[in-house]
Amino acid sequence: MDYHELKHKTVAELREIAAGLEGLTGYTQMRKEQVLEAICRHQGIEMHAHHVAAGIDKGSIKQSIRTLKAKRDEAISAHDGVALKRVRRKIHRLKRQLHQATV
């Protein structure tokens, strides 16, 4: 089981799981978050979900966003509204691409 599956269980279900684990005590008096933390610590499960960008090169997209942010700053200082809008749209599209590729 992973953290995501455990988080969606009820307190009663988590306590049943804790009852089956050897060496875990005090779970009957704990709240859901505490039982969840105790189970994860006992089983060696990460306490948060990891998101991974699949199917794209995350590093190159982030690098291009950084260069576009520099161009954005130049457009702001030059008071060039047209270039500013183009750069902001490109940044937005790249960020959306990263977000959509996150699993």
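Scroll up for the structure.
## Quick look at the pattern of salt bridges
Evaluated as defined, the whole model comprises two salt bridges. Between Asp73 and Arg72 there is a salt bridge, with the nearest N and O atoms lying 3.6 Å from each other. Using a relative accessible area of 43% as the deciding quantity, one classes Asp73 as partly exposed.

## Considering the nonpolar core
Counting residues in each nonpolar core, the largest one holds 14 residues, and the members touching the most others are Leu6 and Ile39. Those elements that place two or more of their residues in this core are helix 1 (3-7), helix 2 (11-19) and helix 3 (32-43). Here this core gets five residues from one element, more than from any other, and that element is helix 3. Ranked by size, the runner-up nonpolar core spans seven residues in total, among them Ile65, Leu68, Leu94 and Leu98.

Thresholds applied
Residues numbered from 1 in each chain as written. Predicted model: local features only at pLDDT ≥ 70, side-chain atom pairs only at ≥ 80, totals over all residues. Heavy atoms only, no water. Salt bridge = Lys/Arg side-chain N within 4 Å of Asp/Glu carboxyl O. Buried < 20%, exposed > 50% of the residue type's maximum accessible area, 1.4 Å probe, protein only. Core = buried A, V, L, I, M, F, W, Y, C linked by side-chain atoms within 4.5 Å. Helix = DSSP H or I, 4+ residues; strand = E, 2+ residues; numbered from the N terminus.

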